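What the coordinates show
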Amino acid sequence: MADAATSPDPDLVSALRALSNPVRLQLLLWLREPERHFPDRAIADPGEVGVCVSHIQAKAGLAQSTVSAYLAELQRAGLVRATRVGKWTHYRRDEDRIAGLVAQLGETL
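Residues numbered from 1 in each chain as written. Predicted model: local features only at pLDDT ≥ 70, side-chain atom pairs only at ≥ 80, totals over all residues. Heavy atoms only, no water.

This paragraph deals with the layout of surface pockets. Reported here for the largest pocket is a volume of approximately 210 Å³. Forming the walls of the largest pocket are 14 residues, and the residues nearest its centre are Leu19, Leu28, Leu79, Ile98 and Val102. Of all the secondary-structure elements, those providing two or more residues to the lining of the largest pocket are helix H1 (10-19), helix H2 (22-32) and helix H6 (95-108). Across the lining of the largest pocket, the residue classes break down as 12 nonpolar, no polar and two charged. (1 Å grid on protein atoms, 1.4 Å probe; cavity = no way out; pocket = protein on both sides within 12 Å on 5 of 7 lines; lining within 4 Å. Points joined across faces, edges and corners; volume = space filled by probe spheres on them. Helix = DSSP H or I, 4+ residues; strand = E, 2+ residues; numbered from the N terminus. Nonpolar A, V, L, I, M, F, W, Y, C, P; charged D, E, K, R; others polar.)

Okay, the side chain of His90 next. By the secondary structure assignment, His90 is in strand E3 (residues 88-93). Leaving out residues up to four positions away in the same chain, His90 has contacts with Val49, Gly50, Val51, Cys52, Arg81, Ala82, Thr83 and Val85. (Contact = heavy atoms within 4.5 Å.)

The strand order across the open sheet formed by three strands is E1-E3-E2, and the pairing between neighbours is antiparallel. The two strands at the open ends of the sheet, each matched to only one other strand, are strand E1 (51-52) and strand E2 (80-85). Bridge count between E1 and E3: two bridges; the pairing is antiparallel. The partner of Val51 across the bridge, within E3, is Tyr91. Contacting E2 and E3, helix H5 (residues 64-76) runs over the sheet at an angle of about 120° to E2. (Pairing = 2+ DSSP bridges. Axes fitted to C-alpha atoms, helices over the stretch in contact; angles between N-to-C directions.)

Below, the discussion takes up the pattern of salt bridges. Pairing is possible between side chains that carry opposite charge, provided their charged atoms lie close to one another. For the structure on display, the rule yields four salt bridges. Salt-bridge contacts for Asp94 lead to Arg81; the nearest nitrogen and oxygen are separated by 3.0 Å. Placement of Asp94 in the loop between E3 and H6 and of Arg81 in strand E2 is noted, with a sequence separation of 13 residues between them. Accessibility expressed as a relative area gives 11% for Asp94, which makes it buried. Ionic pairing is found between Glu95 and Arg93, a salt bridge with its closest N-O pair at 2.6 Å. (Salt bridge = Lys/Arg side-chain N within 4 Å of Asp/Glu carboxyl O. Buried < 20%, exposed > 50% of the residue type's maximum accessible area, 1.4 Å probe, protein only.)

Glancing now at the nonpolar core. In this structure, Leu27, Leu31, Ile56, Leu71, Leu74, Leu79 and Tyr91 are the most contacted members of the largest nonpolar core, which totals 21 residues. Elements with a minimum of two residues in this core: H1, H2, helix H4 (53-60), H5 and H6. Not counting the four nearest positions on each side in its chain, Ile56 is found in contact with Leu27, Trp30, Leu31, Phe38, Val51, Val67, Leu71 and Tyr91. (Core = buried A, V, L, I, M, F, W, Y, C linked by side-chain atoms within 4.5 Å.)

This brings us to the packing of H2 against H5. It is the contact of H2 with H5, at a shortest axis distance of 10 Å, that shows an interaxial angle of 75°. By the angle between their directions, the pair H2 and H5 is classed as roughly perpendicular. Note on element contacts: H5 touches H2 through Tyr70, Leu71, Glu73 and Leu74, opposite Val23, Arg24 and Leu27. (Parallel < 35°, antiparallel > 145°, perpendicular 65-115°, else oblique.)

What is shown is where atoms sit, not what they do.
Have a look at this one:
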């Protein structure tokens, strides 16, 4: 059993768990360049507000509930942020958090 000083950070473990699913990883990759992957689909600025979940769902070709569950997992891990615009929810990457996790992973391993 590992002691607390050598145990991995729970936030890092949560992020790695979220990234272990290939579809969640793909969603995060698409959100890295929203203008490229979701052209002419935005009601709001995709760089500022994010991409509407309905556009993500259409591109993924999965049920809305599945895409929402995947995005919720990414949000719980701190990898994306959700913003409400009217009745729609938009998602964008949390670049600061992702950079911090990459640095933390480098220090941990």
